[in-house]
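Observations on the model geometry
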Amino acid sequence: MSSSEAVKDVASHADMANAIRFLSADAVQKAKSGHPGMPMGMADVATVLFSKFLKFDAANPDWADRDRFVLSAGHGSMLLYSLLHLCGYDGMSIEEVSNFRQLGAKTAGHPEYGHAAGIEMTTGPLGQGIATAVGFALAERLQNARYGDQVVDHKTYVIAGDGCLMEGISQEAISMAGNLKLSKLIVLWDDNDICIDGPTNMTVNDDQLARFKASNWNTMSVDGHDPVAIAAALEKAQTSDKPTLIGCKTIIGRGAPNKQGTSATHGAPLGDDELAAARAEMGWPHEPFVVPADIKDSWAIVGQQGQAAHQGWQQRLDQLSADQRSEFERVTSGKLPSDWMNAVNAHKKMCSEEQPKWATRVASGEILKVLTDVIPEMIGGSADLTGSVNTKTPSTESITATDFTGRYMHYGVREHGMAAAMNGIALHGGLVPYSGTFLVFADYMKGAMRLSSLMNQRVIYVLTHDSIGLGEDGPTHQAVETLAMLRGLPNFNVFRPCDPVEVAECWALALDNSDTPSGMVLTRQGLPTLRTSHTNENLSAKGGYILAEAEGGDRVATILATGSEVSIAMQARERLQSEGTPTAVVSMPCWELFDAQDEAYQQKVLGQGTIRVAVEAAIRMGWDKYVRSHGGFVGMDGFGASAPAGQLYEHFGITADNVVNQVKSRI
Ligand SMILES: Cc1ncc(C[n+]2csc(CCOP(=O)(O)OP(=O)(O)O)c2C)c(N)n1
């Protein structure tokens, strides 16, 4: 939509922007908490964007070809709530607006995603929004390459603040977007010179426009309170062949006569006196939460003006071939193709029969060949470790700035940006992102991984080189505490499979869960295949199961293990069995799924009353819930060392002998 097709303004721009200003400031005042400065400062920009450029239909917030709007400066969430209310989004009533930040209200402090229709993504953690937006814009190009301009042709708009641009992740994001020439990504920077501690020049004097320009962006600067200038800049951005940054020079808290332009407006209610003064200053005599009919009507028209575009799109979608249309609708719904599990089962059967001695990272690469062949919406990648993490398959050609038909992203050494981009790809819809790096670098991605979990997104993290088993690269690369960290993350499934069969099962579980991100924790070193008899049943689905039951009498001991240590547990069991101690081995590829089973199943697997010893080449944290304080643990209690892997397992005592001794000392 261009500015020449502007809505017939019944109300003036100033009135429409003031509606945002005062809904926002009044809601913060009522809640006695929140951030009025940003919504008041960016009200003019947001009014121009929503009324003249953003392609959306408030009555159909999930329309696949809508423009996406990401509020990276998520502390200013009242800006978005005001817009959603004014545009008539279902459920965003004036009561919700006036209930800002209250328990159960749709108007949460930082809504992230999923709280209300029309919220594509906002972020509490500054910088995540702009980085996630790169994923949205990339997903649009990927979908466009598959379905064409007729069906996929939309923009991603972002409002970002100074804080977003200070965060390191912003550099990863802008560099990635510039390299890919994501020309439909348009960032509106709230250039107000103010942060919490005071003026931004206390901490940053970067030439932001030069920074973006150096990363291959189109850059402009405008008076963020001049609607004509804002519209002109947005108009120019429409046809750019690069991503665009529009620096919008604004006054934080614009309209509050005594506080505007200062950090006092950033994150505190203005106070009754200042609000009254602002009403006088801006010519807004209306009571809190009252918007006069003409202004309301003008905003309602904005909410509806995308209907024609939506209908036109629907007609074009209908003109696709039946196959293409149903494929588009399938991927948009997030449903996997109907026959994909057959391919997984055939692969499992092959592994059980041939019993390869693959590292689990290699096993992951093998099942990925199968999966990417049958699930075309899978988009792979890695942070410059493709050959190590085995995420690229014959089905996944590289994505480049000139060819988006590929399915493999070279994210570069930008783990955090990669994780955020995957969130954006998943949120955009129609694609399933997975990508790899070393497990220990999960620390570098954690901010975005936490958001994958919080936003219920199917993002799959391939995390290889998972322990001292990586050997010579030494303790900087050897994760010891990372599993515990990830297991502490709510709504995140940590999979640590022990062999190629479990690897295939865990991949199937990760893909089959559209609300939960997963980590596939995989070894560098080779391991034996332990699941040697085939079943179509996914034994990993319960998170933990009896891999080998005790023989020759009632079970005396239970050895619990994950990943590479399951084979050590099996060796220990063999010795204990031969010495007359009936011992079971429980493989626990996913604690989270095991914890979701009923008590009876858990007790049966864990062996009530038996001696329990856990073995995992990581710290003990978390294992006590299974082995209890009197149980044994064989693992790490500090950082690893640089040496060949076999020597390290001996050196740190992660051996079958030690497991046997731990059991025996408890008999
Ligand atoms: C990663 C992260 N660090 C710190 C914060 C806390 N915080 C919220 S807003 C803000 C200042 C942001 O300044 P700016 O982007 O200029 O916003 P404005 O003052 O213009 O509203 C800070 C430090 C946060 N939300 N996320």
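What you see is a predicted model, and the numbers here were worked out from it, not measured in a lab. (Residues numbered from 1 in each chain as written. Predicted model: local features only at pLDDT ≥ 70, side-chain atom pairs only at ≥ 80, totals over all residues. Heavy atoms only, no water.)

Description of the overall build of the protein chain
- What the protein chain contains, in helices and strands, is 26 helices and 17 strands.
- Its C-alpha atoms give the protein chain a radius of gyration of 28 Å, within 12% of the compact-globule value 26 Å for 667 residues.
- The C-alpha extent of the protein chain, read off along each of the three principal axes, is 90 × 55 × 45 Å.
- The 667 residues of the protein chain split such that 61% are buried.
- Restricting the contact set of the protein chain to residue pairs at least 6 apart, pairs at least 24 apart contribute 77%.
- Here the protein chain contributes 54 positive and 77 negative side-chain charges, whose respective centroids are spaced 2 Å apart. (Helix = DSSP H or I, 4+ residues; strand = E, 2+ residues; numbered from the N terminus. Rg over C-alpha atoms; globule rule 2.2 N^0.38 Å. Buried < 20%, exposed > 50% of the residue type's maximum accessible area, 1.4 Å probe, protein only. Contact = heavy atoms within 4.5 Å. Lys, Arg positive; Asp, Glu negative; His and termini not counted. Charge placed at Lys NZ, Arg CZ, Asp CG, Glu CD.)

Thoughts on unusual backbone geometry
- For Asp 193, which is not glycine, the phi torsion reads 65 degrees and is therefore positive.
- Take Asp 193: it is sitting in the loop between β4 (185-191) and α8 (208-214).
- In this structure, Asn 491 is a non-glycine residue whose phi angle is positive, near 55 degrees.
- For Asn 491, the position within the fold is in the loop between α19 (482-487) and β11 (493-495).
- A relative accessible area of 30% places Asn 491 in the partly exposed class.

What about the site of the ligand?
- Taken together, 16 residues sit near the ligand, with His 75, Gly 163, Asn 192, Ile 194 and His 266 positioned nearest.
- Within the contact set of the ligand, an oxygen atom lies 2.6 Å away from a side-chain nitrogen or oxygen of Asn 192.
- Between the ligand and Ile 194 there is a distance of 2.7 Å, counted from an oxygen atom to a backbone nitrogen or oxygen.
- When the ligand sits alone it has 590 Å² of accessible area, and the protein chains cover 74% of it. (Near = heavy atom within 4 Å. Polar contact = N/O pair within 3.5 Å; in protein donor to acceptor, adjacent residues only side chain to side chain. Areas by Shrake-Rupley, 256 points an atom, 1.4 Å probe, with all protein chains shown as cover.)

A short note on the packing of aromatic side chains
- Considering all chains together, one arrives at 18 aromatic pairs under this definition.
- Arranged with centres 5.7 Å apart and planes meeting at 90 degrees, the rings of Tyr 434 and Trp 507 form a pair that is edge-to-face. Pair noted here: Tyr 434 is in strand β9 (residues 432-438) and Trp 507 is in helix α20 (residues 500-511), with a separation of 73 residues, a long-range link. In this pair, the class of Tyr 434 matches that of Trp 507, namely buried.
- Between Tyr 461 and Phe 492 the ring centres are 6.1 Å apart and the planes differ by 40 degrees, which places this aromatic pair in the tilted class. (Phe/Tyr/Trp six-rings, centres within 6.5 Å; stacked < 30°, edge-to-face > 60°.)

Quick notes on the sheet that holds strand β5 (residues 218-223)
- Read across the sheet, six strands follow the order β2-β1-β3-β4-β6-β5 without closing on themselves; strand pairing throughout is parallel. Edge positions in the open sheet fall to β2 (121-122) and β5, since each of these has one partner strand only.
- Pairing analysis gives six bridges linking β5 to strand β6 (residues 244-249), with the strands arranged parallel. By the bridge assignment, Asp 223 is partnered in β6 with Lys 249.
- In the packing of helix α2 (residues 37-53) onto the sheet, the strands contacted are β1 (68-71), β3 (156-160), β4 and β6, and the crossing angle to β4 comes to about 155 degrees.
- Of the strands in this sheet, β1, β2 and β3 touch helix α3 (residues 77-87), which is tilted by about 145 degrees from β1. (Pairing = 2+ DSSP bridges. Axes fitted to C-alpha atoms, helices over the stretch in contact; angles between N-to-C directions.)

A few points about the pattern of salt bridges
- Within the structure shown, the criterion is met by 28 salt bridges.
- One salt bridge connects Glu 377 with Arg 330, and the closest N-O pair in it is separated by 2.7 Å. On the criterion of sequence distance, the pair formed by Glu 377 in the loop between α15 (360-374) and β7 (378-382) and Arg 330 in helix α13 (residues 322-333) is long-range, its members being 47 residues apart.
- When its relative accessible area of 15% is taken as the criterion, Arg 330 is described as buried.
- One salt-bridge network, held together by shared partners, links Glu 140, Arg 141, Asp 153 and Lys 184. (Salt bridge = Lys/Arg side-chain N within 4 Å of Asp/Glu carboxyl O.)

Considering the packing of helix α14 (residues 340-354) against α15
- Where α14 meets α15, the closest approach of the two axes is 9 Å, and the angle between their N-to-C directions is 160 degrees. In terms of orientation, α14 and α15 fall into the roughly antiparallel class. At the point where α14 passes α15, the crossing takes the right-handed sense. Residue-level contacts link Trp 340, Ala 343, Val 344 and His 347 of α14 to Glu 366, Ile 367, Val 370, Leu 371 and Val 374 of α15.
- Of the residues assigned to the contact of α14 with α15, the class counts are seven nonpolar, one polar and one charged. (Parallel < 35°, antiparallel > 145°, perpendicular 65-115°, else oblique. Left-handed = near helix turned anticlockwise from the far one by under 90°. Nonpolar A, V, L, I, M, F, W, Y, C, P; charged D, E, K, R; others polar.)

Some remarks on the sheet that holds strand β17 (residues 632-634)
- Taking strand neighbours across the sheet as the criterion, the five strands line up as β13-β15-β14-β16-β17 in an open arrangement whose pairing is mixed. What marks the edges here is a single partner per strand, and that holds for β13 (545-548) and β17. Taking the axes of each pair of neighbouring strands and ignoring which way they run, one obtains an average angle of 30 degrees across the sheet.
- Here β13 runs beside strand β15 (residues 583-587); their pairing, made up of three bridges, is antiparallel. The residue bridging Ile 546 from the neighbouring strand is Val 586, located in β15.

A word on the pairing of β4
- Judged by how many residues are buried, β4 sits mostly within the fold: seven of seven residues are covered.
- Of the two faces of β4, the one lined by Leu 185, Val 187, Trp 189 and Asp 191 and the one lined by Ile 186, Leu 188 and Asp 190 are each fully buried.
- Pairing between β3 and β4: five bridges, direction parallel. In the sheet register, Tyr 157 faces β4, and the bridge partner there is Ile 186.
- In the sheet, β4 pairs with β6 via six bridges, with the strands oriented parallel. Residue pairing across strands places Val 187 opposite Leu 245, the latter belonging to β6.

Quick word on the nonpolar core
- Membership of the largest hydrophobic core comes to 92 residues, with the highest contact counts inside it found for Leu 185, Trp 507 and Leu 511.
- Considering each element in turn, this core owes the most residues, nine residues, to helix α5 (residues 128-147).
- Ignoring sequence-local partners within four residues, the contact set of Leu 511 consists of Leu 336, Trp 340, Leu 371, Ile 375, Met 378, Val 432, Arg 458 and Ile 460.
- Listed in part, the 66 residues of the second largest apolar core include Phe 53, Cys 87, Met 92 and Ile 295. (Core = buried A, V, L, I, M, F, W, Y, C linked by side-chain atoms within 4.5 Å.)

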